Amino acid sequence: MKMLGAEVVIECLKAEEVDIVFGYPGGAVLTLYDALFKTDFPHILTRHEQGAVHAADGYARATGKTGVCFATSGPGGTNLVTGIATAYMDSIPLVAITGQVGVSLIGKDSFQEADICGITTPITKHNYLVKKIQDLPCVMKEAFYIARTGRPGPVLIDISKDVFNDTLDFVYPETVCLRGYRSLFAGDSSQIDLVIEALEKAEKPVIFVGGGVNISGTSQDVRKLINLTGIPVISSLMGLGCIPSDAPEHLGMVGMHGTYAANMATIDCDLLMGIGVRFDDRVTSLVQNFAPKATIIHFDIDPAEVNKNVRADLKVIGDLRWSLPLLCEKIAERNVTKKQWARAEWVGLVQEWKREKPLASSLPAGGIRPQTVIEKVSELTQGEAIIVTDVGQHQMWTAQSYNFNTQRSFLTSGGLGTMGYGLPAAIGAQITLPEKNVILFTGDGSIMMNCQELATLADNGLPVKIIVMNNQVLGMVNQWQRMFYGKRYSYSSTKGCTDFVKLAEAMGVAGLRVTKPEELNTVLEKALKMEGPVLVDILLPETEDVLPMVAPGGRLDQMVLRGIIG
Amino acid sequence: MKYTLAVLVENRPGVLTHISGLISRRAFNIESIAAGPTEEVDTTRITIGVEVEDEFELEQVVNQLSKLVNVIKIANITYVDSIQRELALIKVRANKANRSDLVDVVEIFRAKIVDVNRETLVVELSGEESKIDALCEVLTDFGILEIVRTGRIAISRGPVPAKDM
């Protein structure tokens, strides 16, 4: 049957079991939007293309499915750039479809023309420019295949306007033929035997879990591994939720704002087994001083991650869905008790670190402690909510204080650190998980970066609860200025006329405010019980620091544990 | 350390953008890059000369390039017995008085003169980079107007092609 190019795109989405698209129309995608209209394909209109791409990202992170977004040519495409880079840094499966000007106009600096393939080359797993309709079905098939297999990532398809209007006898290819693309599943199992030998020798082992576990959905395997061995676990920001935050073996997040126990364990351990991690600089600090005494073992699907930042003594390359069950199986076969794997003396030491220096606050009594806000929400939701954050102090406090229980329950921009990510990502998550409590922790800086999406939230009746940790400063910038720039608070104040409650109400979101500590519990309880979207503006003291903190370039055991106030 | 990589890629639009984009993004130190068609119509071969600190950095270059969807195969032919060549065209000032001296130099280097006029001539030389460097140095005395070099290409000796290495 002859079909318009635009209809081909929709048919391909159906074949890939895409159930919703986030997007924003424009000149080059009018035919595509016409096909959406005619087929009644589910689509969410965001208020900015950046909102669309972050929403698709939130949808993907919460479910593991591939998120899809549409944008028009030129500024439509360039507005996606931050969102695509965000997804790329955190390995999120995403297909971004942009319109491009007519074939004869490409390269002529035409109206709303931008070389979006050129622009997104460094921030996509792959991208395509489609100029002939014959290529369209194959490109769509390949794009979804590449986005979701191996180490996932965003793929961009730039489709010329002419292709949407052209016709084709549509057949969706069943397989892809990519000569240069290998999505590795099983690796070399003899490496796992070597890992077990190393584990048996280790006196002070630590397991380090990262985003790869959340992405591959292997938290059950990690939990099994911990059950079998009792080895202490540290987590990266992206690894939170893999095991319950309050599990006795869990020492917490490691790195710049890691817990005392996790950072001390990293410096002192003699074996560090990284699982789906990329040893980011926010984790390692100065890389030469990271786990200096340890044999490093690295489990990852991407061979390029091994030896990129930290030299690995042993590497297990392959999908965690292959390596972790095999590791557990081989460990279970050994006749070794939990105490022997984890070493009682070592476990005693790390537990003492945990008890000795729990997370601290530098605030004098009186004001609302930001950590209390998060602990309260954690208690009210019993750690079962989908937690979304923006970027900054509130993000770190959430990572430290929320009790995560399940994989894919913490959606945050880890690698790129994108302010403005939270609200649209929460929209994406809530749409795909309507039964879940979706809670966004954001700051007075971050929320403004995509606050137009409050309209999307309200108009779609999505019950996301937004908690604005309003300290009237760009908190993380402020903290660095306090600690390293002689308290010269250069342009980090947001004090002004903005009224977040009114802003929310203006767009159809209910607004509540907390100004005194005694109001906190009642308002939070009320907000969580309300139907529909709610924004809670919580006024916090300006000067709370995220602690502990490892100064840039410092060693992980050289933590600032107390803040500098004033 | 200097290495030579033979990179086989699918001959598709944008493939050179992906490769050059990756090289610049990861700040790899590329000495030379030369691309051209191969015995297979849909395959392009790119010879990349790369300078790295150590084997770990080389491993990064290879692993990162391998991740590009259009890259089919990368063979490190640094330690393989191979032939490495570069082609250069050099435009030199030459007049009646010194032309025969120039011809002598060209003969010593087994280069060729491919264009002559009253004021200049163009020398063509293929060989290893060091040989071309040496010729350029000698020709400096005559006055070089223009140099164009292809960057090195390489092929292994013996029957095994790079795609099967």
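Numbers given to residues run from 1 along each chain, matching the order in which its sequence is written. Here chains are named by letter from A upward and ligands by number from 1 upward, in the order in which they appear as written. Restriction of local features to residues with pLDDT of at least 70 applies here, the model being predicted, together with a cutoff of 80 or more for giving and counting side-chain atom pairs; totals for whole chains, interfaces and linings are based on all residues. Values reported for side chains reflect all heavy atoms of the structure, with hydrogen atoms and water molecules removed beforehand.

- The name recorded for chain B in an unreviewed UniProt entry is Acetolactate synthase small subunit, from Pelosinus fermentans JBW45.
- Turning to chain B, the UniProt record has this under Sequence similarities (unreviewed entry): "Belongs to the acetolactate synthase small subunit family."
- Taken directly from UniProt, the Subunit (unreviewed entry) text for chain B runs: "Dimer of large and small chains." UniProt positions are given in the numbering used here, feature names are shortened, and annotations may be inferred rather than shown by experiment.

- As annotated in an unreviewed UniProt entry, chain A is Acetolactate synthase from Pelosinus fermentans JBW45.

Considerations on the overall build of chain B
Inference 1: Summing up its helical and strand segments, chain B has four helices and nine strands in all.
Inference 2: We count a stretch as a helix when DSSP gives it H or I for four or more residues in a row; a strand needs E for two or more, and each element gets its number in order from the N terminus. The secondary structure elements of chain B, listed N-terminal to C-terminal, are β-α-β-β-α-β-β-α-β-β-α-β-β.
Inference 3: A principal-axis box enclosing the C-alpha atoms of chain B has dimensions of 55 × 30 × 30 Å.
Inference 4: Sorting the 165 residues of chain B into buried and exposed places 42% on the buried side.
Inference 5: Considering only intrachain contacts with a sequence separation of at least 6, the fraction spanning at least 24 residues in chain B is 72%.
Inference 6: To be clear on the numbers: accessible area is Shrake-Rupley with a 1.4 Å probe, and residue cover counts the displayed protein chains and nothing else. A total accessible area of about 9000 Å² is found for chain B, and carbon and sulfur atoms account for 52% of it. Any residue under 20% of the maximum accessible area for its type is buried, any over 50% is exposed, and the rest in between are partly exposed; the area is computed with a 1.4 Å probe on protein chains only. Contacts between residues were defined by any pair of non-hydrogen atoms, one from each residue, lying within 4.5 Å.

Regarding the pattern of salt bridges
Inference 1: By definition, a salt bridge exists where a carboxyl oxygen of Asp or Glu is found within 4 Å of a side-chain nitrogen of Lys or Arg. Scanning the entire structure with this criterion turns up 43 salt bridges over all chains.
Inference 2: Taking the shortest distance from any N to any O, the salt bridge between Arg47 of chain A and Asp459 of chain A comes out at 2.5 Å. Here the residue Arg47 of chain A occupies a position in the loop between β3 (43-45) and α3 (49-63), and Asp459 of chain A occupies one in helix α20 (residues 453-459), the gap between them amounting to 412 residues.
Inference 3: The class for Arg47 of chain A is partly exposed, based on a relative accessible area of 29%.
Inference 4: Within this structure, Arg151, Asp302, Glu305 and Lys308 of chain A together with Lys67 of chain B form a network of salt bridges that share partners.

Some words on a nonpolar patch on the surface
Residue and element names in this part refer to chain B.
Inference 1: Patches in this entry comprise residues that are over 30% relatively accessible and not in a salt bridge; like charges within 9 Å are linked, as are nonpolar side chains (Val, Leu, Ile, Met, Phe, Trp, Tyr) within 5 Å. Taken together, the side chains of Leu89, Val114 and Val148 define a hydrophobic patch exposed on the protein surface, amounting to about 230 Å² of accessible area.
Inference 2: Position of Leu89 among the secondary structure elements: in strand β5 (residues 82-93).
Inference 3: With relative accessibility at 32%, the residue Leu89 sits in the partly exposed group.

Re the environment of Leu65 of chain B
Inference 1: Looking at the element boundaries, Leu65 of chain B is found in helix α2 (residues 55-67).
Inference 2: Along the primary structure Leu65 of chain B and Ile132 of chain B are separated by 67 residues, whereas in three dimensions their C-alpha atoms are 29 Å apart.

Points about the pairing of strand β18 (residues 465-470) of chain A
Residue and element names in this part refer to chain A.
Inference 1: Judged by how many residues are buried, β18 sits mostly within the fold: six of six residues are covered.
Inference 2: Every second residue of β18 is oriented toward a common face, with Lys465, Ile467 and Met469 on one face and Ile466, Val468 and Asn470 on the other, all of them buried.
Inference 3: Here strand β17 (residues 438-443) runs beside β18; their pairing, made up of five bridges, is parallel. The residue of β18 that forms the bridge with Leu440 is Ile466.
Inference 4: The path from the first strand over the helix to the second decides the hand: if it runs clockwise while the strands point away from the viewer, the crossover is right-handed. Tracing the backbone out of β17, into α20 and back to the parallel element β18 gives a crossover that is right-handed.
Inference 5: Any two strands with at least two DSSP-identified bridges between them are counted as paired. Note: β18 against strand β20 (residues 534-539), six bridges, orientation parallel. Across the sheet, residue Ile466 finds its bridge partner in β20, namely Leu535.

Focus: the sheet that holds strand β1 (residues 2-10) of chain B
All names here are of chain B.
Inference 1: Pairing is antiparallel across the open sheet formed by four strands, whose spatial order is β2-β3-β1-β4. Two strands close off the open sheet at either side, each with one partner strand: β2 (30-37) and β4 (71-76). Taking each pair of neighbouring strands and ignoring which way they run, the sheet shows an average axis angle of 20°.
Inference 2: Taken together, the five bridges between β1 and β4 define a ladder with antiparallel strand orientation. Residue pairing in the sheet places Leu8 in a bridge with Lys73 of β4. To obtain each axis, a line is fitted to C-alpha atoms, and for helices this fit is confined to the stretch in contact; angles are then taken between N-to-C directions over 0 to 180 degrees.

Considering the interface of chain B and chain A
Inference 1: Listed by partner, the interface residues are 22 residues for chain B and 24 residues for chain A.
Inference 2: Summed over both partners, the interface of chain B with chain A comes to about 1900 Å²; 46% of that surface belongs to carbon and sulfur atoms.
Inference 3: Considering only the side of chain B, the residues that lose the most area to chain A are His18, Phe56 and Val69 of chain B, jointly responsible for 31% of the buried surface there.
Inference 4: Applying the counting criterion to the chain B and chain A interface returns five salt bridges. Two parts placed together each lose some accessible area under a 1.4 Å probe, and the buried area is that loss summed for both.

Focus on unusual backbone geometry
Inference 1: The linkage connecting Leu547 of chain A with the following residue, Pro548 of chain A, adopts the cis geometry, with an omega of -5°.
Inference 2: A positive phi angle, near 55°, is found at Ala27 of chain B, a position not held by glycine.
Inference 3: Following the sequence through the fold, Ala27 of chain B ends up in the loop between α1 (15-25) and β2.
Inference 4: Owing to a relative accessible area of 59%, Ala27 of chain B belongs among the exposed residues under this scheme.

Here we look at the sheet that holds strand β9 (residues 205-209) of chain A
Residue and element names in this part refer to chain A.
Inference 1: In spatial order, the strands read β11-β10-β9-β12-β13-β14; together these six strands make up an open sheet with parallel pairing. Bordering the open sheet on either side are β11 (250-253) and β14 (314-317), each of which pairs with just one other strand. Taking the axes of each pair of neighbouring strands and ignoring which way they run, one obtains an average angle of 15° across the sheet.
Inference 2: Set on the sheet, helix α9 (residues 189-201) makes contact with β12 (271-275), β13 (295-300) and β14; between it and β14 the angle comes to about 140°.

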